[in-house]
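Next come the chains, spelled out residue by residue.
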Amino acid sequence: MNAIAIRAGFLTTVQDLGRTGFRELGVPLGGALDAHALRVANLLSGNEESAAGLEITFGGLRLRCADDRIVAWCGGEFNARIGSTALPSGHPGLVRGGEEFSIETPAIGCRAWIAISGGIDAPIVLGSRSADLKGGFGGVNGRPVRDGEEFPLGQNSGRSNSLIEKLRATKIASWKPPHDWSSTGHREPSLRFIRGADAERCVPAALEILSAESFVVSPDSDRMGVRLDGPSLERSDNVDLLSEAVAPGTVQVPPSGKPILLLNDCQTIGGYPKIAHVITVDLGIAAQLRAGDRVRFHEVSLADAHRALFERERDFEQFRRGLELHFE
């Protein structure tokens, strides 16, 4: 069965959890900019957590499925509907065959991740169905979804079919995950970071400025990275390094002193000093940053970063087990 994007919106792409194991060949990780949000949405719809879904930027999507499907989404503060019925973030909803799901412009944040039961059955390229927009492969022919475009869906799982029957009367499930998991937009975003490997290549005051001042998101930002305007982070020298590995979350300092926070589609190596690295748990907050937003940074220890990730994964496993009660 297929789904059709009646209206594709500003930027809608097929994404899963990304391409692991190919960075040494220069292939970015890619995948959903908030992998945790997609994992949660997938479980809510009865999918495996790694199934491919849709990442939307600034909304505008209108979607129709050929048969009955469960749809769930997580992300910024969007207005989403199944027909005329509101579908809040984190609540699985039944979209009947021929019915329309829509999601409009967000009030807070800029992205959402939509899971459709069965997952999007795009071709697997280098172990992932994700669209690599720079490389031009994966997803739907390596590009954003277009108006009127159809894409195949996998079969509903047994869990999804069970939930479809339960929601025939109510349409929208009353239960949902923790609020912070389903609604990831923040009016005053703050990102925790650990000190980077090249922090000493910036003047001592640079880290103090990074922690004390706010930065404004530049319009020149995309899935590769968030460029930040504001106080300049002064380097101790203007000599670029030999290119070394970088990853999503790395904060680089180019000669201009305006930091760049790398996201999933970033290059695999870079020669700018790495002053900081945003912790994994906060990358979902970074994924919601849009032009004009003010963001702050707060330094934590590596132990704190590990603890935050461990606690979220522990809670995620408990959430997964608890969900089984709703799919029986």
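Worth saying up front: this structure is predicted, and the values here are computed from it rather than measured.

Asker: Any chance you could explain the domain arrangement of the chain here in plain terms?
Answerer: Buried accessible area, meaning the area lost when the parts come together, often serves as the stated size of an interface. When its domains are assigned, the chain resolves into domain 1 (2-185) and domain 2 (190-309). Put simply, the middle of domain 1 and the middle of domain 2, counted by C-alpha atoms, are 28 Å apart. Across the boundary between the two partners, domain 1 contributes 25 residues, which contact 18 residues of domain 2. When domain 1 packs against domain 2, close to 1,700 Å² is buried across both sides, 48% of that on carbon and sulfur atoms. At the boundary of domain 1 and domain 2, one finds 1 salt bridge. Across the salt bridge formed by R223 and E55, the nearest N and O atoms sit 2.7 Å from each other. Inspection of the domain 1/domain 2 interface yields 11 residue pairs in polar contact (both at pLDDT 80 or more).

Asker: How should the pattern of salt bridges be read in this particular structure?
Answerer: Oppositely charged side chains may form a pair once their charged atoms are brought near each other. Throughout the structure, instances matching the rule amount to 26 salt bridges. Of the charged contacts in the structure, one is a salt bridge between R201 and D237, with a shortest N-O distance of 3.9 Å. Of this pair, R201 sits in the loop between β12 (190-195) and α4 (204-212) while D237 sits in the loop between β14 (225-229) and β15 (244-245), and the two are 36 residues apart along the sequence. Its relative accessible area of 31% is what places R201 among the partly exposed residues. By relative accessible area, D237 is classed as partly exposed at 28%. A salt bridge links R223 to D265; the nearest nitrogen and oxygen atoms lie 2.9 Å apart. With R223 in the loop between β13 (214-217) and β14 and D265 in the loop between β17 (260-262) and β18 (269-270), this pair connects stretches of sequence that are 42 residues apart. On the basis of relative accessibility, which here comes to 8%, the residue D265 falls in the buried class. Sharing partners across several salt bridges, the network here consists of R39, E49, E313, E317, R320 and R321.

Thresholds applied
- Residues numbered from 1 in each chain as written.
- Predicted model: local features only at pLDDT ≥ 70, side-chain atom pairs only at ≥ 80, totals over all residues.
- Heavy atoms only, no water.
- Domains from an automatic or database assignment.
- Contact = heavy atoms within 4.5 Å.
- Buried area = accessible area lost by both parts, 1.4 Å probe.
- Salt bridge = Lys/Arg side-chain N within 4 Å of Asp/Glu carboxyl O.
- Polar contact = N/O pair within 3.5 Å; in protein donor to acceptor, adjacent residues only side chain to side chain.
- Helix = DSSP H or I, 4+ residues; strand = E, 2+ residues; numbered from the N terminus.
- Buried < 20%, exposed > 50% of the residue type's maximum accessible area, 1.4 Å probe, protein only.

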